[in-house]
Amino acid sequence: MTIQPSQLDIARGESDRTLVLTGVVDSHTAARLSDRLDRLGERADVAIDISGVEFIDSSGLRTVIAAHVALAEAGHRLVLTGSSEPFDRLLEITGLDDQLHRG
Amino acid sequence: MTMRDASADGDPFDRRYEGTTAVVNGVRLDIDTWLITQSADDDTRTRAALVVSELVSNAVQASPGRPFDLSARRARQRAITLTVTNRADDARVPPRDEWGPDDLLAPAGRGLAIIDTLCDEVAITTSAEGEITVEATLAAGFT
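Residues numbered from 1 in each chain as written. Chains lettered and ligands numbered in written order. Predicted model: local features only at pLDDT ≥ 70, side-chain atom pairs only at ≥ 80, totals over all residues. Heavy atoms only, no water.

### A look at the overall build of chain B
Here is the rule we go by: In this text, helices come from DSSP runs of H or I with a minimum length of four residues, and strands from runs of E with a minimum of two, each type numbered from the N-terminal end. Restricting the calculation to C-alpha atoms gives the radius of gyration, and the globule rule supplies 2.2 Å times the number of residues raised to the power 0.38. A simple rule labels every residue: compare its accessible area, found with a 1.4 Å probe on the protein chains alone, to the largest value its type can have, and call it buried under 20%, exposed over 50%, or partly exposed in between. Surface exposure here means Shrake-Rupley accessible area, sampled with a 1.4 Å probe, where a residue is shielded only by the protein chains that are shown. Note that His is not counted, nor are the chain ends; the positive residues are Lys and Arg, and the negative ones are Asp and Glu. For the purpose of locating charges, the reference atoms are NZ of Lys, CZ of Arg, CG of Asp and CD of Glu.
Within chain B one finds 3 helices and 6 strands. Tracing chain B from N to C terminus, the helices and strands come up as β-β-α-α-β-β-α-β-β. For chain B, whose C-alpha radius of gyration is 15 Å, the value lies close to the compact-globule estimate of 15 Å for 143 residues. Here the C-alpha coordinates of chain B stretch approximately 40 × 35 × 25 Å along the principal axes. Counting every position in chain B, which comprises 143 residues, the buried fraction comes to 50%. Looking at chain B as shown, the accessible area adds up to about 6,600 Å², and 48% of this sits on carbon and sulfur atoms. Distance between charge centroids for chain B: 3 Å, based on 15 positive and 24 negative side chains.

Quick look at the structure:
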């Protein structure tokens, strides 16, 4: 049997500081998202369109929270745009639904 | 790559996987396929996918490169039990008060807390041989 690893597409959105996620954010793909967020840095707000997130677990959430905290410490915001049922469910389970900025 | 397959009849489910994050997606799909054979409802399948993803990610993080075993069983009348066993050099069992992050916005440390939230029972045991077994039982609906 051939195992198909998790797939995550990270595209640029309307601005160069907007990332559009499509697919799965888990322990296999979260490092790529972390790399993209690191490259954007903390010099201004960052937006992540989560509409296409089909699954996310704590590994993916860890990456988002790390970016949220780093941007907040620099006086900027990480803004989640769009809606993803898996993402919203995980935020609710972890008690973070009121902690992250939504756009 | 799946290394052993002993679930041809769909019930029970027992498999060994390589200890790499590349298998996590396949593990979720395997458990979902098994749950479909059990006529589990959509909510059960959704919760089980998150639980098994956390179980497997923890196992791979604790012992990268080493295979782990996953089993799934119907438990009682309306529950399923997911069990992951891996082998680690440091087979430490975190006490329950360490299952979640110290701070709500701490980046890490949510895996076990998520499992605990979604499951009715979570048991972590170790063996003298260095095996860590996490057994998670969650309420299940069946159509």
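### Quick word on the interface of chain B and chain A
Using the following cut-off: A contact between two residues is defined here by any heavy atoms of the two lying within 4.5 Å. A simple way to read buried area is as the amount of 1.4 Å-probe accessible surface that goes missing from two parts once joined, with both sides added. Any Lys or Arg side-chain nitrogen found within 4 Å of a carboxyl oxygen on Asp or Glu counts as a salt bridge. A 3.5 Å cut-off defines polar contacts: any pair of N or O atoms within that distance qualifies, except that in protein one atom must be a possible hydrogen donor and the other a possible acceptor, and neighbouring residues in sequence count only when both atoms are side-chain atoms.
Tallying the contact residues gives 27 residues for chain B and 27 residues for chain A. Carbon and sulfur atoms supply 64% of the area that chain B and chain A bury against each other, a total of about 2,200 Å² over both sides. Measuring nitrogen to oxygen at the nearest pair gives 2.8 Å for the salt bridge that ties arginine 28 of chain B to aspartate 26 of chain A. Counting across the interface, chain B meets chain A through 8 residue pairs in polar contact (both at pLDDT 80 or more).

### A word on the packing of aromatic side chains
All names here are of chain B. Heads up, the rule is: Aromatic pairs are defined between Phe, Tyr and Trp rings, using the six-membered ring for Trp, whenever the two ring centres lie within 6.5 Å; interplanar angles under 30 degrees are classed as stacked, those over 60 as edge-to-face, and all others as tilted. The criterion is that NZ of a Lys, or CZ of an Arg, lies within 6 Å of the ring centre and within 35 degrees of the ring normal, and then a charge sits over that ring.
If you walk through the whole model with that rule in mind, you get 1 aromatic pair over all chains. With a centroid separation of 5.6 Å and 20° between ring planes, the pair formed by tyrosine 17 and phenylalanine 68 is classed as stacked. Of this pair, tyrosine 17 sits in strand E2 (residues 13-17) while phenylalanine 68 sits in strand E3 (residues 68-75), and the two are 51 residues apart along the sequence. Relative accessible area serves as the criterion here: at 0%, tyrosine 17 is assigned to the buried category. Classification of phenylalanine 68 as buried rests on a relative accessible area of 1%. Sitting over the face of the ring of phenylalanine 142, arginine 74 holds its NZ or CZ atom 3.7 Å from the ring centroid.

### Quick look at the packing of helix H1 (residues 30-40) of chain A against helix H2 (residues 58-73) of chain A
Residue and element names in this part refer to chain A. Test applied: Note on geometry: axes are C-alpha line fits, over the in-contact stretch for helices, and angles between N-to-C directions span 0 to 180 degrees. Geometric relationships in this document are graded by angle, where less than 35 degrees denotes roughly parallel, more than 145 denotes roughly antiparallel, 65 to 115 denotes roughly perpendicular, and other angles denote oblique. Crossings are assigned a handedness: left-handed for a near helix turned anticlockwise from the far helix by less than a right angle, right-handed for a clockwise turn. For this classification, the nonpolar set comprises Ala, Val, Leu, Ile, Met, Phe, Trp, Tyr, Cys and Pro, the charged set comprises Asp, Glu, Lys and Arg, and every other residue, Gly included, is treated as polar.
At a closest axis distance of 9 Å, the pairing of H1 and H2 adopts a crossing angle of 15°. Between H1 and H2, the angle falls in the class roughly parallel. Our pair here, H1 against H2, has a crossing hand that is right-handed. For the pair formed by H1 and H2, the contact residues are Ala30, Leu33, Ser34 and Leu37 on the first element and Ser59, Gly60, Thr63, Val64 and Ala67 on the second. Tallied by class, the residues present in the contact of H1 with H2 amount to 5 nonpolar, 4 polar and no charged.

### Here's the deal with the pattern of salt bridges
Evaluation of the coordinates by the stated rule reveals 13 salt bridges over all chains. Here glutamate 85 of chain A ties to arginine 89 of chain A by a salt bridge, and the two come within 3.2 Å at their closest N and O atoms. With a gap of 4 residues between them, glutamate 85 of chain A and arginine 89 of chain A both fall in helix H3 (residues 85-94), about one helical turn apart. According to the relative accessible area criterion, glutamate 85 of chain A is exposed, its value standing at 59%. Aspartate 69 of chain B is paired through a salt bridge with arginine 16 of chain B; the nearest N and O atoms lie 2.7 Å apart. Residue aspartate 69 of chain B is located in strand E3, and its partner arginine 16 of chain B is located in strand E2; the two are separated by 53 residues in the primary sequence. On the basis of relative accessible area, arginine 16 of chain B is assigned to the partly exposed category, the value being 28%. Through salt bridges with shared partners, a single network forms among Arg16, Asp69, Arg87 and Glu131 of chain B.

### Quick word on the sheet that holds strand E4 (residues 78-81) of chain A
All names here are of chain A. How we decide: One bridge is not enough; two strands pair if DSSP finds at least two bridges between them.
Taken in spatial order, the 5 strands make up an open sheet running E1-E2-E3-E4-E5, and their pairing is mixed. Looking at the sheet topology across the chains shown, the edges are occupied by strand E1 (8-12) and strand E5 (101-102). Bridge count between strand E3 (residues 46-56) and E4: 4 bridges; the pairing is parallel. Residue pairing for E4: alanine 47 is matched across the bridge by valine 79. Here H3 sits on the sheet in contact with E3, E4 and E5, set at roughly 95° to E3.

### A closer look at the pairing of E4 of chain A
On any regular strand, side chains alternate: one points to one face of the sheet, the next to the other face. Residue and element names in this part refer to chain A. Operational definition: Assignment of crossover handedness uses the view with strands pointing away from the viewer, where a clockwise path from the first strand over the helix to the second indicates a right-handed crossover.
This β-α-β element, E3 to H2 to E4, shows right-handed connectivity. Summarising the sheet, E4 and E5 pair through 2 bridges and their orientation is parallel. When the bridges of E5 are listed, leucine 80 appears paired with arginine 102. Crossover handedness for the path E4 to H3 to E5: right-handed.

By themselves these figures say nothing about function.
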